[in-house]
Amino acid sequence: MRTGFKRVAGLALSMLVIVLPGGWWLLHGSLPQLEGQVRLPGLSAAVSLSRDANGTVTIDAANESDALRALGYVHAQERYFEMDLMRRSAAGELAALVGPKALEVDKQHRLHRLRARVQQQLPAIAGDKRAQLDAYVAGVNAGLAALRVRPWPYLLLRETPQPWRAEDAPLAAFAMYFDLQGGEDKSALALWRMQPHLPPALHALLAHDGSRWDAPLEGAARGDAVLPGPDAVNLRSLADDHHGRASPEAKGSPGSNNFAVAGTLTHDGRAILADDMHLTLRAPNIWFRARLRYPDPQAPDGRVDVQGVTLPGLPLVIAGSNGHLAWGFTNSYIDSMDWKLEQPCGAPAAQGCAVVTRHRERLDVAHGKPVDFPVDETAWGPVAERQPDGRVLSLRWSARLPGAINLGLSKFAAAGTLEDALSIAQTIGMPTQNLLLADAHGNIVWRLLGPVPQRAASCTQAARVEDPRQEDCPPWSQSARDNPLLRSPAHDRLWTANARVLDGAALAKVGDGGYTLGARQAQIRDDLQARNRFTERDLLDIQLDDRAVLLTPWQHLLQDRAAVDKTPAMQALAQAATRWEGRASTASVSYRIVRGWRLAVHKRIADGLTAPARVALGKDFVMPDLPQLEGIAWPLVTQRPDNLLPRRYASWSALFEDAATEVRDDLQTHGPLPQRTWGERNTAAICHPLAAAIPFAKPWLCMPAEPLAGDGNMPRVTEPSFGASERMVVSPGHEADGYFHMPGGQSGHPLSPFWGAGHEDWVQGKPTPFLPGPARHALRLTPAGV
């Protein structure tokens, strides 16, 4: 604690020094050069680098390597600190920069030894793009060196930025594996540990894998759970400690929306794609807008013109359009991890035992002593836990296996047809995503993009969840080839939103890694099916849809039960929520109340259903994620069976009133119920990573604390620091008609004209162009000696 306080105090003192007249020069010295001419060694010819009013960069170069060298240069000048955080996060090296507070995260990530793996696999990761990777790395280091003063966060941290290396680009990509897949699989482990302490029917109920809200592209909705009768489960006679651990607030699920319509549904035959990727929001944004133009004999017209979002640290466009194809992603939530309970080999080794190899890792700590961190591994994966009987739990994860990451996505920039893109997709390594493609001829495609575990037939989902011994499940490899796909003309509308997409044999192959509730996906599907003609603006309107479809039945339930039960808290909430706007608008009181009551009811239901396992496991109990809890809760609150009523309540009415009391009392701490709007609760908290360490500087390091429309279970996903990291609507070949939003701005420097640029348009949902605007600044990069 004392070390952390000294660190924060040091940061605050450093900021005070910076804002003094003598320090102001230092802060300005780390601003990028926007105009003039700069020598960039390694270029084959001069490069033009222009910026529009939002800081969107357009690079005109003689070839791909020159374009990527220039991209590396501008990434470093605008975002080096953020790039550094990403590579360090993936490698488990954050504490070396920010101090001991990051040690626990470092330990979680260093367990996977990703830097060592990248160093070993770098030739395969780079493939035939090694020259382009090297050009990008050289550009990054040149851009960093060209700043008169090191980037301002390093002044505060009293650290010197370390050079960028070729292995750091894949590590930046691996940081997205942690964001999108976690790398811990705690929920599956929690369900397995609970199983011996629950009646089979109760465990099956908790594991119900869908709801009436399912909206897959293939197959039907699972429907809400069929509730077990008292002969199978009776909570009234099972143990309950009356101390719940369920979270009262739904957590943001890294994911996204993407959807597309084929040319048969537009006035001129164009296909249109919409994509908004949901992530933790910060200032600056995780993405960096760029347009790259250069000759390429492999491109359809002999020239690449690709625009969209890049990820600083990587030499490629992540999502965007090249005039022939547009592409975007959502997190797939396929099952990418498996536990295995293994018996370590002794001396001599017993048959069937697991050989354990120990690696000694060193965790450096800024201004402190390094920490020794041993990592044990079996052929299955790293040892995450040791059991009292000597056995170990090892975790197999796609991110650790060959093929997890490569630079194959960069080839989309020059792809001319869907078939070109689908051929490239066969070997792309990235966290497995729902890819949507649209082409200039009106066609659309959905495909899983990225590696899929190639499990043996004996490795069924049920066996993996219920018996981590995995005796019949050999270590699996992975492949990105021949993944499931759907396309027009059979499908003229395609949509994904992190919920289940597949069914049957295809679903059995990819598994369930925690699909989100289907309500958001269903709302997008219904929006698409509500009309037969679309424009780009129509798809943007779907992205901004904040109708409270999921909560409308809950508002009716609140009103109905309050009228029947006549309990004080229920009546207070019902009265304040009488006017139902049916939207997550910032001025809505009823939305905030109904949302809070539903979550409070969910919490009590989850606590009640898991109580027997919680009592048996004690301090070792971990509440699993229950993303499909709505499909269990709704039949419970509408049927209200006595056998599934948690023991702490005398009746379902008492549970409803207890939930209402919590919500009422919490809201009233802020003032009268009729004034508690959704916008008061859903207020932007989008800040620079260092803002928490220097609270007095938040006005300069955070976006405005504005109320935000939208929520998690509707297309317009917005929470205070989580939501749409970009919104893109584009038709390839018609980019001038497209739209783009991005919160947090383009630059990582608070004094930059591009700090927060475009953020207000994202907040308001104002239609703004996909293409860069007129150039406001122009920089010429020339080869050395010119």
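Residues numbered from 1 in each chain as written. Predicted model: local features only at pLDDT ≥ 70, side-chain atom pairs only at ≥ 80, totals over all residues. Heavy atoms only, no water.

Participant: So what exactly am I meant to see when it comes to the pairing of strand β23 (residues 727–730) here?
Facilitator: Two faces make up the sheet, and in a regular strand the side chains alternate between them. Side chains Arg727 and Val729 project from β23 onto one buried face, and the interleaved Met728 and Val730 project onto a second face that is buried too. Pairing of strand β5 (residues 272–280) with β23 involves three bridges; the strand directions are antiparallel. Looking at β23, one finds that Ala274 is bridged to Val729. With three bridges connecting them, β23 and strand β24 (residues 739–741) associate as antiparallel partners. (Buried < 20%, exposed > 50% of the residue type's maximum accessible area, 1.4 Å probe, protein only. Helix = DSSP H or I, 4+ residues; strand = E, 2+ residues; numbered from the N terminus. Pairing = 2+ DSSP bridges.)

Participant: What exactly am I supposed to notice about the packing of aromatic side chains here?
Facilitator: To describe a pair of aromatic rings, you give the distance between the ring centres and the angle between the ring planes. Throughout the structure, instances matching the rule amount to twelve aromatic pairs. With a centroid separation of 5.4 Å and an interplanar angle of 80°, the aromatic rings of Trp327 and Phe412 are classed as edge-to-face. You can see Trp327 sitting in strand β9 (residues 325–331) and its partner Phe412 sitting in the loop between β14 (392–397) and α12 (418–425), a full 85 residues away along the chain. We note that Trp327, like Phe412, is buried. Three or more aromatic residues joined by ring pairs make a cluster, and in this case those are Trp554, Trp597, Trp634, Trp652 and Phe656. The cationic tip of Arg531 hangs over the ring face of Phe534; the distance from NZ or CZ to the ring centre is 5.8 Å. (Phe/Tyr/Trp six-rings, centres within 6.5 Å; stacked < 30°, edge-to-face > 60°. Lys NZ or Arg CZ within 6 Å of the ring centre and 35° of its normal.)

Participant: Is there a simple way to think about the packing of helix α3 (residues 64–91) against helix α9 (residues 168–181) in this case?
Facilitator: Where α3 contacts α9, the axes come no closer than 7 Å and their chain directions differ by 70°. Looking at the two axes, α3 sits roughly perpendicular to α9. In the crossing of α3 with α9, the sense of the turn from one axis to the other is left-handed. Contacts between α3 and α9 pair Met86, Arg87, Ala90 and Ala91 from the former with Asp168, Leu171, Ala172, Phe174, Ala175, Met176 and Phe178 from the latter. Within the contact of α3 with α9, the residues separate by chemical class into nine nonpolar, no polar and two charged. (Axes fitted to C-alpha atoms, helices over the stretch in contact; angles between N-to-C directions. Parallel < 35°, antiparallel > 145°, perpendicular 65-115°, else oblique. Left-handed = near helix turned anticlockwise from the far one by under 90°. Contact = heavy atoms within 4.5 Å. Nonpolar A, V, L, I, M, F, W, Y, C, P; charged D, E, K, R; others polar.)

Participant: Explanation requested: empty space enclosed by the protein in the structure shown.
Facilitator: In this approach, a probe sized like a water molecule rolls over the atoms, and the result shows the empty space that is left. According to the stated counting rule, one finds eight cavities of 30 Å³ or more in the structure shown. A volume near 300 Å³ is recorded for the largest cavity. Along its surface, the largest cavity is lined by 24 residues, and Met176, Trp287, Ile318, Met430 and Pro431 are the ones closest to its centre. Among the secondary structure elements, those contributing two or more residues to the lining of the largest cavity are α9, β4 (255–261), β5 and β9. Along its surface, the second largest cavity is lined by 16 residues, and Gln77, Glu78, Pro151, Trp152 and Gly748 are the ones closest to its centre. Sorting the residues of the lining of the second largest cavity by element identifies α3 and α8 (152–157) as the ones contributing at least two each. Broken down by element, the lining of the second largest cavity gets its largest block of residues, seven residues, from α3. (1 Å grid on protein atoms, 1.4 Å probe; cavity = no way out; pocket = protein on both sides within 12 Å on 5 of 7 lines; lining within 4 Å. Points joined across faces, edges and corners; volume = space filled by probe spheres on them.)

Participant: Help me understand the sheet that holds strand β13 (residues 383–386) in this model?
Facilitator: One key point about sheets: their strands pair by backbone hydrogen bonds, in either a parallel or an antiparallel sense. Read from one edge of the open sheet, three strands run β10-β14-β13, paired in antiparallel fashion. If you trace the sheet from one side to the other, it starts and ends with β10 (337–342) and β13, each paired once. On average, each strand axis in the sheet is inclined to that of its neighbour by 20°, with strand direction left out of account. Pairing geometry for β13 and β14, over three bridges, is antiparallel. Within the sheet, the bridge partner assigned to Glu385 lies in β14 and is Leu393. Of the strands in this sheet, β10, β13 and β14 touch helix α10 (residues 186–194), which is tilted by about 140° from β14.

Participant: I keep staring at the layout of surface pockets and nothing clicks. Help me out?
Facilitator: In this structure, the second largest pocket encloses a volume near 370 Å³. Taken together, 19 residues make up the lining of the second largest pocket; nearest its centre are Glu184, Lys186, Trp339, Ala384 and Glu385. Put simply, the parts of the chain that give the lining of the second largest pocket at least two residues each are α5 (103–110), α10 and β13. Its residues assigned to classes, the lining of the second largest pocket shows ten nonpolar, three polar and six charged.

Participant: Looking at this structure, I do not really get the nonpolar core. What am I missing?
Facilitator: Nonpolar side chains in soluble globular proteins tend to end up buried together. If you look at the biggest cluster of nonpolar residues, it comprises 162 residues, and the most contacted ones within it are Ile59, Trp287, Ile318, Trp327 and Leu781. The element best represented in this core is α3, accounting for 14 residues. Setting aside chain neighbours within four positions, we find Ile318 in contact with Trp287, Val309, Thr310, Leu311, Trp327, Phe329 and Leu409. (Core = buried A, V, L, I, M, F, W, Y, C linked by side-chain atoms within 4.5 Å.)

Participant: How should I be thinking about the pattern of salt bridges in this particular structure?
Facilitator: Any two side chains of opposite charge can pair, so long as their charged atoms come close to each other. Under the counting rule described, the total for this entry stands at 58 salt bridges. In this structure, Asp84 engages Arg88 in a salt bridge whose closest nitrogen and oxygen atoms are separated by 2.8 Å. Placement of both Asp84 and Arg88 in helix α3 is noted, with a separation of four residues, approximately one turn of the helix. Each member of the pair, Asp84 as well as Arg88, is classed as buried. Between Arg676 and Glu680 there is a salt bridge, with the nearest N and O atoms lying 2.7 Å from each other. Accessibility expressed as a relative area gives 5% for Arg676, which makes it buried. Owing to a relative accessible area of 35%, Glu680 belongs among the partly exposed residues under this scheme. (Salt bridge = Lys/Arg side-chain N within 4 Å of Asp/Glu carboxyl O.)

Participant: When you look at helix α17 (residues 552–565) in this model, what are you seeing that I'm missing?
Facilitator: Since one α-helical turn is 3.6 residues long, residues separated by three or four positions face the same way. A rise of 1.5 Å per residue sets the reference length of α17, with its 14 residues, at 20 Å; its end C-alpha atoms lie 20 Å apart and thus fit the reference within 8%. Of the positions making up α17, those classed as buried are Trp554, Gln555, Leu557, Leu558, Arg561, Ala562 and Asp565. Considered in projection along α17, the buried side chains sweep an arc of 160° and stay on one side of the axis. Of the residues trailing α17, Lys566 is marked for its positive phi of about 55°. (Expected span 1.5 Å × (residues − 1). Arc of directions from axis to C-beta.)

Participant: I keep staring at the sheet that holds strand β25 (residues 777–782) and nothing clicks. Help me out?
Facilitator: Pairing is mixed across the open sheet formed by eleven strands, whose spatial order is β1-β25-β2-β3-β6-β7-β8-β9-β15-β16-β19. The sheet is open, and its two borders are formed by β1 (36–39) and β19 (485–487), each paired with just one other strand. Mean inter-strand twist for the sheet, computed between neighbouring axes without regard to direction, equals 25°. Of the pairings in the sheet, the one linking strand β8 (residues 317–321) to β9 comprises two bridges and is antiparallel in character. The partner of Gly320 across the bridge, within β9, is Trp327. Across the sheet, α3 lies against β1, β2 (47–51), β3 (57–60), β6 (288–295), β7 (303–310) and β25, angled at about 160° from β6, the strand it touches most.

Take it as geometry only, folks, not as evidence of what the structure does.
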